[in-house]
Amino acid sequence: GYTDGVVVVKNSSEEDITSIVYADGTLTMPAYPITISATFERKPCSLLSTPTVSATTTYNSATLTWDAVTNAEKYSVKVGDEEAVETTETSYEVTGLKADTQYTYYIQAIAADDQFDYCDSELAEGSFTTSQAPIATLILSENGEIHNLDGEHRLNEIVTLPYTAATCTKTFVGWSADANCTT
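What counts, and at which threshold
- Residues numbered from 1 in each chain as written.
- Predicted model: local features only at pLDDT ≥ 70, side-chain atom pairs only at ≥ 80, totals over all residues.
- Heavy atoms only, no water.
- Helix = DSSP H or I, 4+ residues; strand = E, 2+ residues; numbered from the N terminus.
- Phe/Tyr/Trp six-rings, centres within 6.5 Å; stacked < 30°, edge-to-face > 60°.
- Buried < 20%, exposed > 50% of the residue type's maximum accessible area, 1.4 Å probe, protein only.
- Salt bridge = Lys/Arg side-chain N within 4 Å of Asp/Glu carboxyl O.
- Pairing = 2+ DSSP bridges.
- Axes fitted to C-alpha atoms, helices over the stretch in contact; angles between N-to-C directions.
- Disulfide = S-S within 2.5 Å.
- Contact = heavy atoms within 4.5 Å.

As for the environment of Lys 43
- Mapped onto the secondary structure, Lys 43 falls in the loop between strand S3 (27-28) and strand S4 (46-47).
- Between the alpha carbons of Lys 43 and Asp 117 there is a distance of 7.7 Å; along the sequence they are 74 residues apart.

Right, here's the structure in full:
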């Protein structure tokens, strides 16, 4: 609110023109026209601490975690080509990633809009690499359907296996069947 006070304004001749501001917000000015120009400067603010981030990964996901930053209202998180998102949490999980791929992340602590003593932090930038996809175990049923190959194939690979039901000659890495498909 307003309080009673005195505002000193200089006219174009640099002469002081005294005006009075009353508690109700009214202002008394001299009767002749004057031009007022004002410059407002924002008080310098203190940068919030930059988050220290760690990453835990799988072959298709990553979880980024960081300690809470004092006076931060929220955090902005960007991973790879994703759009930045805001969160009030101190962790962020991203899924649907490609196996054995490096990703870059950026995290920034954001000050509250009404907290003028603090500015948003510098960006925390880092990277992580997802692991290789696990080796798959496939089971071939008697009707030739692949249900779930012990060996060198990974879950993100498409594997086509020959199957001849009449002779039941199936050989996989580390496994073979007899003529009756029982071993």
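We are not done yet, so read on.
Quick look at the packing of aromatic side chains
- The full count for this structure, using the stated rule, is 3 aromatic pairs.
- Ring plane angle 65° and centroid distance 5.4 Å describe the contact between Trp 66 and Tyr 75, whose orientation is recorded as edge-to-face.
- We classify Trp 66 as buried; its relative accessible area is 5%.
- We classify Tyr 75 as buried; its relative accessible area is 3%.
- Residues Tyr 103 and Phe 128 carry aromatic rings whose centres are separated by 5.7 Å and whose planes lie at 25° to one another, so their mutual orientation is stacked. Taken together, the positions of Tyr 103 in strand S10 (residues 102-111) and Phe 128 in strand S12 (residues 124-129) put the pair 25 residues apart, joining distant regions of the chain.
- Exposure remark for Tyr 103: the relative accessible area of 15% places this residue in the buried category.

Focus on the pattern of salt bridges
- Taken as a whole and judged by the stated rule, the model has 1 salt bridge.
- Residues Lys 74 and Glu 86 are paired through a salt bridge, measuring 3.0 Å at the closest nitrogen-oxygen approach. Pair noted here: Lys 74 is in strand S7 (residues 72-79) and Glu 86 is in strand S8 (residues 85-87), with a separation of 12 residues, a long-range link.
- By relative accessible area, which is 23% here, Lys 74 ends up partly exposed.
- Take Glu 86: its relative accessible area is 52%, and that puts it in the exposed class.

Overview of the pairing of strand S6 (residues 61-66)
- Bridge count for strand S5 (residues 53-57) against S6 is 5 bridges, and the pairing is antiparallel. Note that in S6 the partner of Thr 57 across the bridge is Ala 62.
- Linking S5 to S6, which pair antiparallel, is a turn of 3 residues.
- Sheet topology note: the S6/strand S9 (residues 91-95) ladder contains 5 bridges and is antiparallel. By the bridge assignment for S9, Ser 61 is matched with Thr 95.

Details of the sheet that holds S7
- On the basis of which strands lie adjacent, the open sheet formed by 4 strands has the order S8-S7-S10-S12 and antiparallel pairing. Lying at the two open borders of the sheet, with one neighbouring strand each, are S8 and S12. Across the sheet, the axes of successive neighbouring strands diverge by a mean angle of 30°, strand direction being ignored.
- Strand direction decides the pairing type here: S10 and S12, joined by 6 bridges, are antiparallel. Its bridge partner lying in S12, Gln 102 is registered against Thr 129.

Digging into the pairing of S10
- The pairing of S7 with S10 spans 7 bridges and is classified as antiparallel. Paired with Ser 76 across the two strands is Gln 108, which belongs to S10.

Quick notes on the state of the cysteines
- The final tally for this structure, using the stated rule, is 1 disulfide.
- Sulfur-sulfur distance for the disulfide between Cys 45 and Cys 119 comes to 1.3 Å. Here Cys 45 is found in the loop between S3 and S4, whereas its partner Cys 119 is found in strand S11 (residues 118-119), with 74 residues between them in sequence.
- Residue classification places Cys 45 among the partly exposed positions, given a relative accessible area of 26%.

Side note on the side chain of Ser 61
- Position of Ser 61 relative to the elements: it lies in strand S6.
- In this view, Ser 61 contacts Thr 56, Glu 93, Val 94, Thr 95, Leu 97 and Thr 130; residues no more than four positions away in its chain are not counted.

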